[in-house]
Amino acid sequence: MIWIAGRQVNPSTLAAGWGLNRVQVEIVNKMARSQEVFEFPTPEALQFELKMRDHLVRSARALNDSGIEFSTFVDSRCNEAYWNRTELGGFQLRNGILPSQGIIDIFRNGRMYATECATAMVIILYHATLRSIRPADFERMFADILLYDWRYDQDLDLQTESTNTFLPGDILYFANPDYNPAKPWWQGENVVDLGRGLYYGHGAGIKPAEALIDFLNDERRPGATRSAYLVRQATRPGFAYLSQFSDGQPGMTGRLQGVSTRISAQIGSTFWNE
């Protein structure tokens, strides 16, 4: 269910009135069909989440296409013009480099980089945030980025919650309980939900759930009996917190200007489900 300003929303009105793209229509429909409540104080708050979720999907696909390789932290590498590789195999932004420059370089020169799947998820989160908020705020908020495992700046405001409603842009986890101890990096796979049943996992590529499970099952210990599976939880950035830094761009199809005002004026009319 979708609620804005205390009232339930008819999703068909959103899809028609806001000019949503395919990914955003899927998000709205899944929210509306869910028994969970997705609540927003204003139409603009929902617009921002739809925009940023779309950027998360685009950033995941862009990282997949960048040429970045999968590696353990022991064998990680980075473009040292932008990053210092730490003793533990993480990437620390070099002095004098803007955080936007460092993140963008990963997507432009991906073949110079190698890391594992959790770090890849954080890279995607930073890239999507950069595309969603004002550049000056991004530079200020993330001035000292360290890319290492699930280390991230508190301004991403990541939350991991149990859920049965998975949405495009969610970061999910496929667990592999009987993984081969000789390859502990395959004890699970962090992925971005791309919509339409596809997921991006660094090292696994873009696959449907069944193929990701098969991929992980091939990395189990001899005699394993338990299959890999999708954990019923989702990790999401703080959309509500980040929305205050929105760049003001719709990120949809360019038809959002003025729509929020019209929607707000329709409270109590046919826009709302009573």
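Model, not experiment: these values are computed from the prediction.

> Could you give an account of the environment of proline 99, with specific residues and numbers?
Considering the arrangement of structural elements, one finds proline 99 in helix α4 (residues 99–108). Classification of proline 99 by relative accessible area gives buried; the value is 3%. Along the chain, proline 99 and arginine 140 lie 41 residues apart, while their C-alpha atoms are 8.8 Å from each other.

> How would you sum up the environment of asparagine 84? Please name residues and give values.
Looking at where asparagine 84 falls in the secondary structure, it is placed in strand β5 (residues 83–85). The spatial distance from the C-alpha of asparagine 84 to the C-alpha of asparagine 95 is 9.3 Å, given a sequence separation of eleven residues. Within the structure, asparagine 84 has its side chain in polar contact with the side chain of arginine 94 (distance 2.7 Å).

> Please provide a residue-by-residue account of helix α2 (residues 22–33), values included.
Taking 1.5 Å of rise per residue, twelve residues should cover 16 Å, and α2 covers 17 Å from first to last C-alpha, within 8% of that figure. Of the residues making up α2, those classed as buried are Val23, Gln24, Glu26, Ile27, Val28 and Met31. A distance of 3.2 Å separates the backbone nitrogen of valine 23 from a side-chain oxygen at the start of α2, and that oxygen is part of asparagine 21.

> So what about the pattern of salt bridges? Which residues, and what values?
Pairs may arise between side chains of opposite charge once their charged atoms sit close together. Counting across every chain of the model gives 13 salt bridges. Put simply, aspartate 170 and arginine 53 hold a salt bridge, and the shortest N to O gap is 2.8 Å. Taken together, the positions of aspartate 170 in the loop between β9 (159–162) and β10 (171–175) and arginine 53 in helix α3 (residues 43–65) put the pair 117 residues apart, joining distant regions of the chain. No difference in accessibility class separates aspartate 170 from arginine 53, as the two residues are buried. By sharing partners, the salt bridges in this structure join Glu49, Arg53, Asp170 and Arg236 into a single network.

> For the side chain of glutamate 49, give the residues involved together with the corresponding values.
By the secondary structure assignment, glutamate 49 is in helix α3. Owing to a relative accessible area of 8%, glutamate 49 belongs among the buried residues under this scheme. If sequence neighbours within four positions are ignored, glutamate 49 has contacts with Met31, Phe40 and Phe239.

> Describe the packing of α2 against α3, listing the residues and the values that go with them.
Orientation of α2 relative to α3, taken along the N-to-C sense of each, is 125°, at an axis distance of 9 Å. In terms of orientation, α2 lies oblique with respect to α3. At the point where α2 passes α3, the crossing takes the right-handed sense. Here α2 contributes Val23, Gln24, Ile27, Val28 and Met31 to the contact with α3, which in turn contributes Leu46, Glu49, Leu50, Lys51, Arg53, Asp54 and Val57.

> Give me the state of the cysteines: which residues, what numbers.
Note on terminology: a disulfide is the covalent bond linking the sulfur atoms of two cysteines. Inspection of the entire model under this criterion finds zero disulfides. Counting only cysteine sulfurs, cysteine 117 is the nearest neighbor of cysteine 78, a cysteine outside any disulfide, at a range of 18 Å. A residue is classified by how much of its surface remains accessible, and cysteine 117, at 7% relative accessible area, is buried.

> For unusual backbone geometry, give the residues involved together with the corresponding values.
A positive phi angle, close to 50°, is found at aspartate 157, a residue other than glycine. Structurally, the position occupied by aspartate 157 is in the loop between β8 (146–147) and β9. One non-glycine residue, arginine 196, lies in the positive phi region at around 55°. When you line up the elements, arginine 196 lands in the loop between β11 (188–195) and β12 (198–201). Residue class for arginine 196 comes out exposed when judged on its relative accessible area of 62%.

> Can you lay out helix α5 (residues 117–132) for me, pointing to particular residues and giving the numbers?
Taking 1.5 Å of rise per residue, 16 residues should cover 22 Å, and α5 covers 23 Å from first to last C-alpha, within 8% of that figure. Burial within α5 is extensive, with 15 of its 16 residues counted as buried. Sitting at the amino-terminal end of α5 is glutamate 116, which places a side-chain oxygen 3.0 Å from the backbone nitrogen of alanine 118.

> Which residues make up the packing of α3 against α5, and what values go with them?
Contact pair α3 / α5: the axes reach a minimum separation of 8 Å and the direction vectors enclose 130°. Between α3 and α5, the interaxial angle falls into the category oblique. Both α3 and α5 take part in a crossing whose hand is right-handed. Each of Phe48, Lys51, Met52, His55, Leu56, Ser59, Ala60 and Leu63 in α3 lies in contact with α5, whose residues at this interface are Ala120, Ile123, Ile124, Leu125, His127, Ala128, Thr129, Arg131 and Ser132. Of the residues in the contact of α3 with α5, the class split is ten nonpolar, five polar and two charged.

> Tell me about the sheet that holds strand β6 (residues 91–93), residues and numbers included.
Reading across from one edge, β5-β6-β8 is the order of the three strands in this open sheet, with antiparallel pairing throughout. Two strands lie at the open edges of the sheet, namely β5 and β8, each paired on one side alone. Taken together, the two bridges between β6 and β8 define a ladder with antiparallel strand orientation. Paired with glutamine 92 across the two strands is leucine 146, which belongs to β8. Sheet strands in contact with α4 are β5, β6 and β8, and its direction is about 70° off that of β5.

About the thresholds
- Residues numbered from 1 in each chain as written.
- Predicted model: local features only at pLDDT ≥ 70, side-chain atom pairs only at ≥ 80, totals over all residues.
- Heavy atoms only, no water.
- Helix = DSSP H or I, 4+ residues; strand = E, 2+ residues; numbered from the N terminus.
- Buried < 20%, exposed > 50% of the residue type's maximum accessible area, 1.4 Å probe, protein only.
- Polar contact = N/O pair within 3.5 Å; in protein donor to acceptor, adjacent residues only side chain to side chain.
- Expected span 1.5 Å × (residues − 1).
- Salt bridge = Lys/Arg side-chain N within 4 Å of Asp/Glu carboxyl O.
- Contact = heavy atoms within 4.5 Å.
- Axes fitted to C-alpha atoms, helices over the stretch in contact; angles between N-to-C directions.
- Parallel < 35°, antiparallel > 145°, perpendicular 65-115°, else oblique.
- Left-handed = near helix turned anticlockwise from the far one by under 90°.
- Disulfide = S-S within 2.5 Å.
- Nonpolar A, V, L, I, M, F, W, Y, C, P; charged D, E, K, R; others polar.
- Pairing = 2+ DSSP bridges.

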